[in-house]
Amino acid sequence: MNNGSVIMDGKQQQTTMNVNTFELVKNELERMNTSSTKSFLQTLKKLNKKEELINRGYLLIDNTYHKLLDDNDNIQQTMLELFAGLYLLRKKLTSGDWKVFSNEIIKHPLKELIHSDPLTRRAFEKPRGYAGDAVMIDLIYFGAPEKSLQSRLAKEIHHFCVHSIVGASIRERARIVGETIDNIVAAKSEKNNNNNGTKSEKKKIRVLSIACGHSREPTTSKAFMQGKLDEFVAFDQDPESLKIVKDCYGHLNVTTVNGSVRDLLKAERLTEIMFSLTKPGGKMYVTNMTDTVPASGYMETYMGWNLIYRTPSEIEALGQGLNRGEIESKRIFVDRTGCVGFLEIDKAEKEGNFNFFLSSL
């Protein structure tokens, strides 16, 4: 459990983040195997014609609307069927047909019920100009304050979204980042101790996080929270987010830098810049949502959150422009939820600036 704060209605509220929620994901997968959901998905999977798929899609929206209004005992199951149905429709329809369909269904009154969830509503309304802002991600990490959930329906939908596979994958990413920082600090500490305490031989530990948001990920690291990093550089386009970072973690050797990833990309590809700044023996993570995210249909409709999804091989290709002679080791792995892919590259012993690089594309 890690202390944090959520910004709601302009006020900062203390709460906690639990990164150990993988059991909830397994429960969700089990619910997908119930007879009613399996029957619904099997029917949808058999359809291939555009008209049949769209008609079934409209039926899904109508049924979901009435179930949420009338059947408060099965809201979680109803939301699961909505997630799964929209995912399959997105996969089966052409990109053009899906765009038309998704633009139509948000005109249905179901949207107003769904948007009783502050997480979904904030993503859709984009108060800072984009869907996945730091406040929205905080809602995934911590959940919304109780007073912001005005009805039982709002509570149930919010609980489902926060504890869905996608929500768990974002918290899982934070756990992996924190664990990696702790491992780097432990290894460097041991190496520095073996250098007989000579100041000139001791290596500083610096971490850079690009598109950092509120920088909640490093708070899962004991070393970070104990101030053992020599510097943590938080880079983000949103000055409001960086203010929260400075207020919350400025005492932990955190430096904030305001800038856009697009600014970096004017010079060369982001991964190449990241790698050039990575210290000898340092590590670089590039993370990306995989192409099998089960909430992708819901995210693109009711959240208005359009991401670039990549297969593991496409994520690995993000590092293809790097100098192989500078790479000590490289691997691609997917987290336990199957939603987030990691390109992990360890740099050979040459010059650089940061021990650990984190970027989400």
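(A) Main features of helix α12 (residues 239-249). Here α12 has its buried residues at S241, L242, I244, V245, C248 and Y249. Buried residues of α12, seen end-on, are gathered within an arc of 155° and therefore sit on one face of the element. Of the residues in α12, the exposed ones pointing more than 90 degrees away from the buried face are P239, K243 and K246. In this structure D238 caps α12, since a side-chain oxygen of it lies 2.9 Å from the backbone nitrogen of E240.

(B) Examining the nonpolar core more closely. Residues M79, L86 and Y298 are the most contacted members of the largest nonpolar core, which totals 60 residues. The element that contributes the greatest number of residues to this core is helix α4 (residues 75-92), accounting for ten residues. If we ignore the near neighbours within four places in the chain, the residues touching L86 are L60, I61, W98, F101, I105, G297, Y298, T301 and Y302. Residues I184, A234, I244 and V254 belong to the second largest nonpolar core, which totals 19 residues.

(C) Quick peek at the packing of aromatic side chains. Taken as a whole and judged by the stated rule, the model has eleven aromatic pairs. Relative to F232, the ring of F224 has its centre 5.4 Å away and its plane inclined at 65°; by these criteria the two rings are edge-to-face. A cation over a ring is seen here: K126 above F124, with NZ or CZ 5.8 Å from the ring centre. If you follow K347 out to its NZ or CZ, it ends over the ring of F275, 5.0 Å from the centre.

(D) Just the pairing of strand β3 (residues 206-210), in detail. Taken across its five residues, β3 has four buried, putting it largely inside the fold. Bridging between β3 and strand β4 (residues 231-236) involves five bridges; their strand directions are parallel. Its bridge partner being in β4, I210 is matched across the sheet by F235.

(E) Broad picture of the confidence of the model for the protein chain. In this model, the protein chain carries a mean pLDDT of 84, and residues with pLDDT of at least 70 account for 81%. Note that pLDDT drops below 50 for residues 3-16; the model gives that stretch 43 contacts with residues more than four away or on any other chain.

Rules behind the numbers
Residues numbered from 1 in each chain as written. Predicted model: local features only at pLDDT ≥ 70, side-chain atom pairs only at ≥ 80, totals over all residues. Heavy atoms only, no water. Buried < 20%, exposed > 50% of the residue type's maximum accessible area, 1.4 Å probe, protein only. Helix = DSSP H or I, 4+ residues; strand = E, 2+ residues; numbered from the N terminus. Arc of directions from axis to C-beta. Polar contact = N/O pair within 3.5 Å; in protein donor to acceptor, adjacent residues only side chain to side chain. Core = buried A, V, L, I, M, F, W, Y, C linked by side-chain atoms within 4.5 Å. Contact = heavy atoms within 4.5 Å. Phe/Tyr/Trp six-rings, centres within 6.5 Å; stacked < 30°, edge-to-face > 60°. Lys NZ or Arg CZ within 6 Å of the ring centre and 35° of its normal. Pairing = 2+ DSSP bridges. pLDDT = per-residue confidence, 0-100.

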